[in-house]
Amino acid sequence: MEVALSPARHAHVWRSRRQATHAVQVSDATFPCMEIALASCLSAPSHLPSNQKPSTRRKGLSIPPIGSSARVAGSEPRSESGAEKRRRETVRRRRALISTPLVHPIVSPTANLARRQPRPANAMADAKPFKPALVVVDFQEDFCPPNGSLAVPGGRSIAPLINHLLALPFSPKLATRDWHPPNHTSFAANHGDAPPFTSTTTVAHPSDPSRSYSTTLWPVHCVQGSPGARLVSELDVARVDAVIDKGMDPRVEMYSAFYDPFRVSDSGLAERLRRAGVTDVFVVGLAADFCVRATAEHALDEGFGSYVVEEGTKPVLPDKWPECRRDMLARGVKMISAEGDDIARVKSLP
Ligand SMILES: [Zn+2]
């Protein structure tokens, strides 16, 4: 079937075929996806009605058979001869190309990926999200020898280990401060002659007196703005993303970095960690049997994996630590070593 085209149409078809030829040449050296471009370019001009599209002898090929005369209406024989010559050349190129398989020299992207990034044998386990945060609890002067008013035995000795952890890819890395007003209820000095460590007081819910708990009384410590409230000078604070203050409500005790037992005072830590996409919380600091413990247990309550790095904490009451540690394990807190697999997993993060 012959197709009679106007001069304008003929010129358009000719340009399209030249572009097709160009696309073919490019595709052979670049992308397999250009195979699609080739098929598209070789199809009939889309602007033509279906009953005017050129006949093809090969599926997907719109090239008129050699020898057919796709004459341009009103053209002179001399120009037709030139057009016929160019058309024959185009047809020759296209047929040569079509007979050549489009095999790209690059192997499949999947194969390349497999070579570049070998997956570990436990790939399924690693598929679970793991974004660990580090919380350094109350590493302050008043909790450390030699001058702290509530010094934890050996408290300052954990600094190198904590600084080592701060250099690992935890995100975020947070420090907390016990940050009490002078009239805080946990100070024995605010309860007459009550001796610290061995006496307790009852803390009632500020708006519901039927709810209460008993808590230990302590020496005055970590008063806001005092030298004893400072983070220890050995701590590498340059690696800490934020410092969170707690224990500012004088009416309640607040061991946990999250909130007090009544939740009338909330530091916003849980929300901060969730916003950061944290999955697991690693806790160190002072003291292991009070503020570290409460923080680790509340991390569990908030749905995070919870770990205490044992080399990075010390108890204020060493004699009672074994029992306390058992209780923490029973709650689901993981008591881990800085040399163990959990920290190794943190180290392996990008
Ligand atoms: Zn305190």
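Residues numbered from 1 in each chain as written. Predicted model: local features only at pLDDT ≥ 70, side-chain atom pairs only at ≥ 80, totals over all residues.

You'll find the protein chain entered in an unreviewed UniProt entry as nicotinamidase, with Tolypocladium capitatum given as the organism. Its UniProt record, at the heading Pathway (unreviewed entry), says of the protein chain: "Cofactor biosynthesis; nicotinate biosynthesis; nicotinate from nicotinamide: step 1/1." Quoted verbatim from the Sequence similarities (unreviewed entry) field of the UniProt record, the comment on the protein chain reads "Belongs to the isochorismatase family." (UniProt positions renumbered as here; feature names shortened; annotations may be inferred.)

Enquirer: When you look at the overall build of the protein chain in this model, what are you seeing that I'm missing?
Expert: On a plain count of helices and strands, the protein chain comes out with ten helices and eight strands. The contacts in the protein chain between residues at least 6 apart in sequence include a share of 68% that link residues at least 24 apart. (Helix = DSSP H or I, 4+ residues; strand = E, 2+ residues; numbered from the N terminus. Contact = placed C-beta atoms within 7 Å.)

Enquirer: Looking at this structure, I do not really get the sheet that holds strand β7 (residues 305–314). What am I missing?
Expert: One key point about sheets: their strands pair by backbone hydrogen bonds, in either a parallel or an antiparallel sense. Read across the sheet, six strands follow the order β5-β2-β1-β6-β7-β8 without closing on themselves; strand pairing throughout is parallel. Edge strands, defined here as strands with exactly one partner in the open sheet, are β5 (242–246) and β8 (334–336). Shown here is a sheet whose adjacent strand axes are inclined to one another by a mean of 25 degrees, direction ignored. The sheet contact formed by strand β1 (residues 132–137) and strand β6 (residues 280–286) spans six bridges and is parallel. Note on β6: the bridge partner recorded for A133 is V281. The strands that helix α6 (residues 159–166) touches are β1, β2 (173–178), β6 and β7; relative to β7, the one it contacts most, it runs at about 145 degrees. (Pairing = 2+ DSSP bridges. Axes fitted to C-alpha atoms, helices over the stretch in contact; angles between N-to-C directions.)

Enquirer: Could you clarify how one ought to interpret the pairing of β6 in this entry?
Expert: Put simply, side chains in a regular strand alternate between the two faces of the sheet. With seven of seven residues buried, β6 lies mostly within the body of the structure. By the alternation rule, side chains of β6 split into D280, F282, V284 and L286 and V281, V283 and G285, which are all buried. Looking at chain direction, β6 and β7 are connected through six bridges and run parallel. Note that in β7 the partner of V283 across the bridge is V308. Taken together, β6, helix α8 (residues 288–301) and β7 constitute a β-α-β crossover, and its handedness is right-handed. (Buried ≥ 20, exposed ≤ 12 C-beta atoms within 10 Å, placed from the backbone. Right-handed = clockwise from strand over helix to strand, strands pointing away.)

Enquirer: Even after reading the chapter, I still don't get α8, so can you show me in this structure?
Expert: Because each turn of an α-helix spans 3.6 residues, side chains separated by three or four positions end up pointing in the same direction. Along its 14 residues, α8 runs 18 Å from first to last C-alpha, staying within 8% of the 20 Å computed at 1.5 Å per residue. With respect to burial, α8 is a largely interior element, twelve of its 14 residues being buried. Those residues of α8 lying buried are A288, D289, F290, C291, V292, R293, A294, T295, A296, E297, H298 and A299. Against the buried residues of α8 lie β1, β6, β7 and α9 (321–331). (Expected span 1.5 Å × (residues − 1).)

Enquirer: Got a minute to help me understand the packing of α8 against α9 in this structure?
Expert: The description of two helices packed together rests on the angle between their axes and the distance between the axes. Contact pair α8 / α9: the axes reach a minimum separation of 10 Å and the direction vectors enclose 5 degrees. As the angle between them shows, α8 and α9 are arranged roughly parallel. Across from A288, D289, R293, A296, E297 and L300 in α8, the residues of α9 making contact are W321, C324, M328 and R331. When grouped by side-chain class, the residues that make up the contact of α8 with α9 number six nonpolar, no polar and four charged. (Parallel < 35°, antiparallel > 145°, perpendicular 65-115°, else oblique. Nonpolar A, V, L, I, M, F, W, Y, C, P; charged D, E, K, R; others polar.)

Enquirer: When you look at the confidence of the model for the protein chain in this model, what are you seeing that I'm missing?
Expert: Caution applies to low-pLDDT parts of the model: their predicted coordinates are not meant to be read in detail. Of the residues in the protein chain, 66% have a pLDDT of 70 or more, and the chain-wide mean is 78. In this model, residues 1–78 is a region of pLDDT below 50 whose contacts with residues beyond four sequence positions or in other chains number 69 contacts. The low-confidence segment residues 97–118, where pLDDT is below 50, has seven contacts with residues more than four positions distant or belonging to other chains. (pLDDT = per-residue confidence, 0-100.)

Enquirer: Can you walk me through unusual backbone geometry in this structure?
Expert: Generally, phi is negative for residues other than glycine and the peptide bonds are trans, each holding for most cases. For the bond from S171 to P172, the omega torsion is 5 degrees, close enough to zero to count as cis. A cis amide bond links L286 to the next residue, A287, at an omega of -15 degrees. Locating A287 in the fold gives a position in the loop between β6 and α8. Although it is not a glycine, R263 sits at a positive phi angle of roughly 60 degrees. Inspection of the secondary structure assignment puts R263 in the loop between β5 and α7 (269–275).

Enquirer: Before we go on, may I ask you to explain the environment of K334 in this structure?
Expert: Residue position: K334 is located in strand β8. Residues within four places of K334 in sequence aside, it is in contact with S306, Y307 and D342.

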